[in-house]
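Here is what each chain is made of, one letter per residue.
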Amino acid sequence: MAHTADATVNRFPVSRLIAFLVFVAVVATAGVQFYQHRNFREPVVLGPGVTEVKRLSDYYPALKGTVNDCNIYVMDSGQPGATFLIIGGTHPEEPGGNIAALTIVENAQVKQGKLLVAIHANRSASTVTRPGDAYPLFFHLKAEDGAVRRFRMGDRWANPLDSWPDPEVYLHYPTRQMLAYMDVRNLNRTWPGRPGGLLVEQTCYGFIELMRQEKVAGMFDFHEAELEYPVISTIVAHETAAPVAAMVSMMLTAEAFPIGMEYSPKALHGLSHREIGDALGVAVFEPEAPEPFLDRVRGATGEELLLTGKDEFVQKAGEHKLLYEKITPAGWPINQRVGRHDTTFSKVAEIWTQMNPDKPLVVEGVPQYDELVAQGLSPFLRDPAEAAPDKVVYE
Amino acid sequence: MQALVSLCYYAAVLYFAILLFWGFLRAKDFQRGVLYLVVLMPFVLRILRLK
């Protein structure tokens, strides 16, 4: 008996040492991956239309040195006209939004008016993925010459490492409407923002300052949505944007793809399409493209689903009429989703110019839906290795 | 104020991480020791500001 007890005592330290080494290995492996994801720099090739790269802190200096001091790509025609702002990456788990913004930066040329683009509006949210949901840390797309470009996958909310702790209940400023606690880190629940607030509130305030100083007339906030969610394949528009959005909805549905138009709800606060329009009178358009990756009934949550939008479980839900958008075995590939955003923007610029001839916005070279569906994203993504060093910046 | 709250939060995380590691060292039962280590992982990742 004594012999057995001694054996147990002697064996346990060895077992404990092995357990500790396994612990160190797991923490180190996970830690290295998290570190690489958080610190990965995405290259952006400045297209022919980019005239300057600014920072959000140029408009609101309090953001200088923070993770959300994102790049602002200025595309100025030098000709009088309207100034528009495009933001991608409000929710970095909806990568069709930031890739659409990227394709505009790398391809478009503004002939009249001025365009400002933020690819990662909530940069902090692009440095973390959703705990417990097994998101891939990165996704990859082929560029024009076959080179593979790597992008960070992100989350809906800013990284808790950058904004913590959350309040028990988030009181939206200035309405004091009660919202879910984590939405104080959600860039689409914190408009119009406030100076001295938490990180994402300050980020929104920075964009408000940008729009005020640049006299922005129109604004795009690119999003994607799960097919189980009713606000999908549509343009959510503030009243100031409604005439243009309604016309764009009709024309695109007739010419390219079905897309609806919805008024921004007046009673739900913190959203870009409500607060920016109310605060500044800017015409706000928020297009929503379908992204099966976000559906709760999805299967394996990997890069393939993110890029192809194919999922048998989501499709089965569609067969049972549980979705608000159709899905076929072809899925909803990312090039199609980006095409919807890019073409919606192009059409808005066209209709805006017709309705506001004294404030035109003429943009050429934006990848179009039919091109993106036929050719994929490759022809519209530049290879940073082939670009001149002074034409490459990092996100 | 926010910085002070964050500092207190990280101090609390460190405190619980030390308690968990101490629990692991003192555990008489092997499975309980492993359980302490599993629970300790997110605390370590948070202190190192990795996740």
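This write-up is about the structure you can find in this document. (Residues numbered from 1 in each chain as written. Chains lettered and ligands numbered in written order. Predicted model: local features only at pLDDT ≥ 70, side-chain atom pairs only at ≥ 80, totals over all residues. Heavy atoms only, no water.)

For the rest of this paragraph, the subject is the overall build of chain B. Along the backbone of chain B there are two helices and zero strands. Looking at chain B as a whole, 27% of its 51 residues are labelled buried. Surface summary for chain B: the accessible area is close to 3600 Å², and the carbon and sulfur share equals 75%. (Helix = DSSP H or I, 4+ residues; strand = E, 2+ residues; numbered from the N terminus. Buried < 20%, exposed > 50% of the residue type's maximum accessible area, 1.4 Å probe, protein only. Areas by Shrake-Rupley, 256 points an atom, 1.4 Å probe, with all protein chains shown as cover.)

A surface patch of nonpolar side chains, about 340 Å² in accessible area, is lined by Val-14, Ile-18, Val-22 and Val-26 of chain A. Mapped onto the elements, Val-14 of chain A comes out in helix α1 (residues 2-39). (Patch = residues over 30% accessible without salt bridge, like charges linked within 9 Å, V, L, I, M, F, W, Y side chains within 5 Å. Salt bridge = Lys/Arg side-chain N within 4 Å of Asp/Glu carboxyl O.)

All names here are of chain B. Look at helix α1 (residues 2-26) against helix α2 (residues 30-47): their axes get within 9 Å of each other, and the N-to-C directions meet at 155°. Judged on the interaxial angle alone, α2 and α1 are roughly antiparallel. Considering the relative orientation of α1 and α2, their crossing is left-handed. Each of Tyr-9, Tyr-10, Val-13, Leu-14, Phe-16, Ala-17, Leu-20, Phe-21, Gly-23 and Phe-24 in α1 lies in contact with α2, whose residues at this interface are Gly-33, Tyr-36, Leu-37, Val-39, Leu-40, Phe-43, Arg-46 and Ile-47. The residue makeup of the contact of α1 with α2, split by class, is 15 nonpolar, two polar and one charged. (Axes fitted to C-alpha atoms, helices over the stretch in contact; angles between N-to-C directions. Parallel < 35°, antiparallel > 145°, perpendicular 65-115°, else oblique. Left-handed = near helix turned anticlockwise from the far one by under 90°. Contact = heavy atoms within 4.5 Å. Nonpolar A, V, L, I, M, F, W, Y, C, P; charged D, E, K, R; others polar.)

Our next topic: the packing of aromatic side chains. Tallying each qualifying case throughout the model produces 17 aromatic pairs over all chains. Measuring from centroid to centroid gives 5.4 Å for Phe-220 of chain A and Phe-345 of chain A, while their planes differ by 85°, and the two rings are edge-to-face. Taken together, the residues span a long stretch of sequence, with Phe-220 of chain A in strand β11 (residues 218-221) and Phe-345 of chain A in helix α8 (residues 334-355) at a distance of 125 residues. You'll find Phe-220 of chain A and Phe-345 of chain A in the same group, each marked buried. In this structure an aromatic cluster arises from ring pairing among Phe-20 and Phe-23 of chain A together with Phe-21 and Phe-24 of chain B. A cation over an aromatic ring shows up here: Arg-150 of chain A above the ring of Phe-40 of chain A, its NZ or CZ 5.8 Å from the ring centre. The ring of Trp-164 of chain A has Arg-46 of chain B sitting right over it, with the charged end atom 4.8 Å from the ring centre. (Phe/Tyr/Trp six-rings, centres within 6.5 Å; stacked < 30°, edge-to-face > 60°. Lys NZ or Arg CZ within 6 Å of the ring centre and 35° of its normal.)

This brings us to helix α2 (residues 95-107) of chain A. Residue pairs spaced three or four apart in an α-helix point in one direction, given the helix's 3.6 residues per turn. Compared with the 18 Å implied by 1.5 Å per residue over 13 residues, the 18 Å span of α2 of chain A between its first and last C-alpha is a close match. Extensive coverage of α2 of chain A is indicated by the burial of 13 of its 13 residues. (Expected span 1.5 Å × (residues − 1).)

Residue and element names in this part refer to chain A. Note that Leu-137 resides in the loop between β6 (114-118) and β7 (138-142). Judged by relative accessible area, Leu-137 falls into the buried class, the value being 16%. In this structure the C-alpha to C-alpha distance between Leu-137 and Val-169, which are 32 residues apart in sequence, comes to 29 Å. Sequence-distant contacts of Leu-137, that is, excluding residues within four places in its chain, are made with Gln-33, His-37, Thr-129, Phe-151, Arg-152 and Met-153.

To continue, consider the nonpolar core. Residues and elements named next belong to chain A. Val-117, Phe-285 and Phe-345 are the most contacted members of the largest nonpolar core, which has 60 residues in total. With seven residues, α8 is the largest single contributor of residues to this core. If near-sequence neighbours (up to four positions away) are discounted, Val-117 is found in contact with Asn-71, Ile-72, Tyr-73, Met-75, Ile-86, Ala-101, Ile-104 and Val-105. The next biggest cluster of nonpolar side chains, apart from the first, holds 26 residues, and it includes Cys-70, Ala-158, Val-200 and Leu-210. (Core = buried A, V, L, I, M, F, W, Y, C linked by side-chain atoms within 4.5 Å.)

Along the polypeptide, Arg-38 of chain A turns up in helix α1. Among the polar contacts listed, one links the side chain of Arg-38 of chain A to the side chain of Asp-162 of chain A, at a separation of 2.8 Å. (Polar contact = N/O pair within 3.5 Å; in protein donor to acceptor, adjacent residues only side chain to side chain.)

Once that is clear, we can look at the interface of chain A and chain B. Counting from both sides, the interface comprises 20 residues of chain A and, opposite them, 23 residues of chain B. Around 2000 Å² of area is buried between chain A and chain B when both sides are counted, 73% of it from carbon and sulfur atoms. The largest contributions to the chain A side of the interface with chain B come from Phe-23, Leu-161 and Trp-164 of chain A, which together make up 32% of the buried area. Connecting chain A to chain B are zero salt bridges. If you look at where chain A meets chain B, you find four residue pairs in polar contact (both at pLDDT 80 or more). When grouped by side-chain class, the residues that make up the side of chain A that touches chain B number 14 nonpolar, three polar and three charged. (Buried area = accessible area lost by both parts, 1.4 Å probe.)

In this section: the side chain of Ser-57 of chain A. Structurally, Ser-57 of chain A can be placed in the loop between β2 (52-55) and β3 (71-76). With residues up to four places along the chain from it excluded, the contact list for Ser-57 of chain A reads Leu-63, Lys-64 and Asp-69 of chain A.

Turning next to the packing of α2 of chain A against α8 of chain A. Residues and elements named next belong to chain A. Put simply, α2 and α8 touch, their axes get as near as 9 Å, and they point 60° apart. By the angle between their directions, the pair α2 and α8 is classed as oblique. For the element pair α2 and α8, the recorded crossing hand is right-handed. Along the contact surface, α2 presents Pro-95, Gly-96, Gly-97, Ile-99, Ala-100, Thr-103 and Ile-104, while α8 presents Ile-334, Arg-337, Val-338, His-341, Asp-342 and Phe-345. Each residue belonging to the contact of α2 with α8 can be placed in one class, and the counts come to seven nonpolar, four polar and two charged.

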